[in-house]
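Observations on the three-dimensional arrangement
For reference, the chains in residue letters:
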Amino acid sequence: MESAIDSHLTCPRSISRRVPDDYEPPFPMWVGRADHRIQQVTMAYLGVQSSGAEHRTEALAAVRQIAASLEHADGPAHHDITHHTDNQGYDNFMIVGYWSDPSAFGRWMSSPDVDSWWSSTDRETGPLGYFREIVSPRVDQFETLYAFQEQLPGVGALMNGISGDINEHGYWGSMRERIPLSQNDWMQPRRDESLRVVHGDPAHGGRVVVAGHDNIALIRSGQDWREAGQAERDLYLDEIQPTLQAGMDFLRDNGADVGCYSNRLVQNIDLDGNPVDETYNIGHWRSLEKLERWAESHPTHLRIFTTFFKVATDLDKLRLYHEVSVADGASQLFEYINCHPATGMMRDAVVAATV
Ligand code: HEM
């Protein structure tokens, strides 16, 4: 058994673990192992928003345009494409790219074609909205957890290896303990920090920039049943998915009460918009601690968690995983262009009073 924290990121702890030294998890799970030269990654959620079936073709054309722009010398090592309908009834498509080097991301974003498309005033009017939610956590600021060992999705696709069975899982608080920084840092935001609108006004549409703050937590929790046989499909679709949907609806609609700034349960799609049997939750939280409190107390997650514990050792083709990161405020960008005012981080952002 090995530590989830890679050897080069292990250091003397000032914060002790939640379990005794001889703790052994009840079933095996694995984490991604990155090339030691990777120091920081970029996760970019590039969105297209539309309302009504009549704008779907146009929205999908914009999705294809963004996806094509990733085919660039400085493009991401991996991307996927999703769709979800939000609680205002809008369709949202996201092209989600992962870069193993933020400077390559910076070069991609400032390359003339990409920059001019995103900066154009053409984006600020018309039936479509666009958004960019970008975070760049360092390798000591994120963790992964997989119930499988091949073809890692999400940030795992940047990692060139998988661990052996890891020790830090199977108890509340283990997600935190898989993040290397947790050895010496509680990763809390400052009490007086909140989301702030620093450009534009959500109520007026147009272009809006929201400033984040240190230690915003981002979770991607994925479910992939593309290859699952009938028994695993039934297990997932009958016993897990309805509860997951209820939990995700709760966070989407009541997130502000529990410290969840934005919550989306998204469906993977192909370039023509056809759904595939893969979904994930993408949630932005005020802090890791708020995320932990929800996971260990909400009846929906507790029910899913218990089901998982019963079936974990028998899982074959049903692929369940998550990745959780925190990022410095300076390594975050949240921009909304022509989107409705409850989109993403705009919902909870404070608009500075004008004098
Ligand atoms: C942890 C199951 C979806 C948030 C866990 C663990 C399991 C689990 C078994 C413990 C893993 C371990 O350490 O061994 C599932 C299943 C899901 C699901 C089967 C869906 C099919 C979600 C979603 C969220 C979430 C959508 C989003 C908020 C968390 C968090 C932890 C966790 C934050 C870490 C708790 C901690 O270590 O303190 N989940 N989960 N889960 N889950 Fe989920």
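Data block above holds the structure.
So, here is what we can say about the structure in this document.

Reading the values: rules and limits
- Residues numbered from 1 in each chain as written.
- Predicted model: local features only at pLDDT ≥ 70, side-chain atom pairs only at ≥ 80, totals over all residues.
- Heavy atoms only, no water.
- Donors = N, O, S within 2.8 Å, 3.2 Å for Na, K, Ca; no water.
- Helix = DSSP H or I, 4+ residues; strand = E, 2+ residues; numbered from the N terminus.
- Phe/Tyr/Trp six-rings, centres within 6.5 Å; stacked < 30°, edge-to-face > 60°.
- Buried < 20%, exposed > 50% of the residue type's maximum accessible area, 1.4 Å probe, protein only.
- Disulfide = S-S within 2.5 Å.
- Salt bridge = Lys/Arg side-chain N within 4 Å of Asp/Glu carboxyl O.

**Observations concerning the coordination of the iron atom of the ligand**
Inspection of the coordination sphere of the iron atom of the ligand shows a single protein donor, His301 (NE2), at 2.1 Å. By the secondary structure assignment, His301 is in helix H7 (residues 299–311).

**A look at the packing of aromatic side chains**
For the coordinates displayed, the defined rule picks out 17 aromatic pairs. Ring centres of Tyr23 and Tyr171 lie 4.9 Å apart, and the angle between their planes is 75°; this geometry places the pair in the edge-to-face category. With Tyr23 in the segment before strand S1 (32–33) and Tyr171 in the loop between strand S7 (161–162) and helix H4 (174–178), this pair connects stretches of sequence that are 148 residues apart. Of the residues examined, Tyr23 reaches a relative accessible area of 15% and is grouped as buried. For the pair Trp99 and Phe105, a centre-to-centre distance of 4.8 Å together with 80° between the ring planes defines the contact as edge-to-face.

**Re the state of the cysteines**
Such a bond, covalent and formed between the sulfur atoms of two cysteines, is termed a disulfide. For the structure shown, the criterion picks out 0 disulfides. A disulfide-free cysteine, Cys260 has its sulfur positioned 18 Å from the sulfur of Cys339, the nearest such atom. Given a relative accessible area of 0%, Cys260 falls into the buried group. You can call Cys339 buried: its relative accessible area is 6%.

**Side note on the pattern of salt bridges**
Taken as a whole, this structure holds 25 salt bridges when the rule is applied. Between Arg107 and Asp74 there is a salt bridge, with the nearest N and O atoms lying 3.1 Å from each other. One end of the pair, Arg107, is in helix H2 (residues 102–109); the other, Asp74, is in the loop between helix H1 (56–69) and strand S3 (78–85), and 33 residues separate them in sequence. The class for Arg107 is partly exposed, based on a relative accessible area of 44%. For Asp74, a relative accessible area of 17% puts it in the buried group.

**Focus on unusual backbone geometry**
Its identity as a non-glycine residue notwithstanding, Gln151 has a phi of 45°, on the positive side. Here Asn215, not a glycine, exhibits a phi torsion of approximately 70°, which is positive.

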